[in-house]
Amino acid sequence: MFIVDAGEVEIERQKKQKRDYSGKQKSHTLKAQLLVDFENGQVIATAIDKGKTHDFKLLKRSRLPWVSSQLCLADRGYQGFAKRHAGACTPTQKPRNQPLAEDEKQHNRALARLRVKVEHVIRRFKIFRIFSGRYRSRRRRFGLRLNLIAGLLNYELAHAS
């Protein structure tokens, strides 16, 4: 079972500002996506793009090989994922002008309890200050640094006990 989530990292403005501006965050950002193994919390894959890229579009561009028997948990940013992958599980969206049914609310809560594991992994990245604060280094090396920190965190998890 896998969990996927994306986070945004604020960057400094450059000459070509429009391509990096994320309207949702109201700043210039880079987006980083993490695919985490549910069993041990290790980062399996990372992908990066400009901040205005949608989460699901970033997942499609990463071209990860999905096996239909694998269960993958995602948040509301990946609503169309269930159409492409049979094992995808996303929260149920509330219908317009109607309340959400009680069983759907329970499904969403149970999914959130499972997905909290990826939020803990993102917290571990924030300890290295790559997700917290402003990223001031070279943007081309952001993916390399993200992968290096993921490798360090995976090594720490593997040799913790």
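The rules behind these values
Residues numbered from 1 in each chain as written. Predicted model: local features only at pLDDT ≥ 70, side-chain atom pairs only at ≥ 80, totals over all residues. Heavy atoms only, no water. Core = buried A, V, L, I, M, F, W, Y, C linked by side-chain atoms within 4.5 Å. Buried < 20%, exposed > 50% of the residue type's maximum accessible area, 1.4 Å probe, protein only. Helix = DSSP H or I, 4+ residues; strand = E, 2+ residues; numbered from the N terminus. Contact = heavy atoms within 4.5 Å. Arc of directions from axis to C-beta. Salt bridge = Lys/Arg side-chain N within 4 Å of Asp/Glu carboxyl O.

*Asks:* Looking at this model, I keep getting lost on the nonpolar core. Mind explaining?
*Replies:* One broad trend across soluble globular proteins is that nonpolar side chains are buried collectively. One finds Leu34, Phe125, Ile130, Phe131 and Phe142 to be the most contacted residues of the largest nonpolar core, which totals 24 residues. Among the elements of the structure, strand E1 (2-11), strand E3 (27-37), helix H3 (102-127) and helix H4 (142-158) are those that each provide at least two residues to this core. If near-sequence neighbours (up to four positions away) are discounted, Phe142 is found in contact with Val9, Leu30, Ala32, Ile48, Ile130 and Tyr135. The next biggest cluster of nonpolar side chains, apart from the first, holds 12 residues, and it includes Ala6, Leu35, Leu59 and Cys72.

*Asks:* Sorry, what's going on with helix H1 (residues 55-62) here?
*Replies:* Three- or four-residue spacings in an α-helix give side chains the same orientation, since the helix completes a turn every 3.6 residues. Of all the positions in H1, only Asp55, Phe56, Leu58 and Leu59 are classed as buried. All buried residues of H1 fall inside an arc of 160° around its axis, so they share one side. The secondary structure elements touched by the buried residues of H1 are E1, E3, strand E4 (43-50) and helix H2 (81-84). Trailing H1 by a residue or two, Arg63 shows a phi angle of about 50°, which is positive.

*Asks:* Even after reading the chapter, I still don't get the pattern of salt bridges, so can you show me in this structure?
*Replies:* Side chains that differ in sign of charge can pair as their charged atoms come close. A full pass over the atoms with the stated rule returns six salt bridges. Of the charged contacts in the structure, one is a salt bridge between Arg115 and Asp75, with a shortest N-O distance of 3.9 Å. One end of the pair, Arg115, is in helix H3; the other, Asp75, is in the loop between strand E5 (72-73) and H2, and 40 residues separate them in sequence. The exposure class of Arg115 is buried, given its relative accessible area of 11%. On the basis of relative accessible area, Asp75 is assigned to the buried category, the value being 17%. The network of salt bridges with shared partners includes Asp5, Asp75, Arg115 and Glu119.

From the geometry alone we can't say anything about function, so treat these as descriptive.
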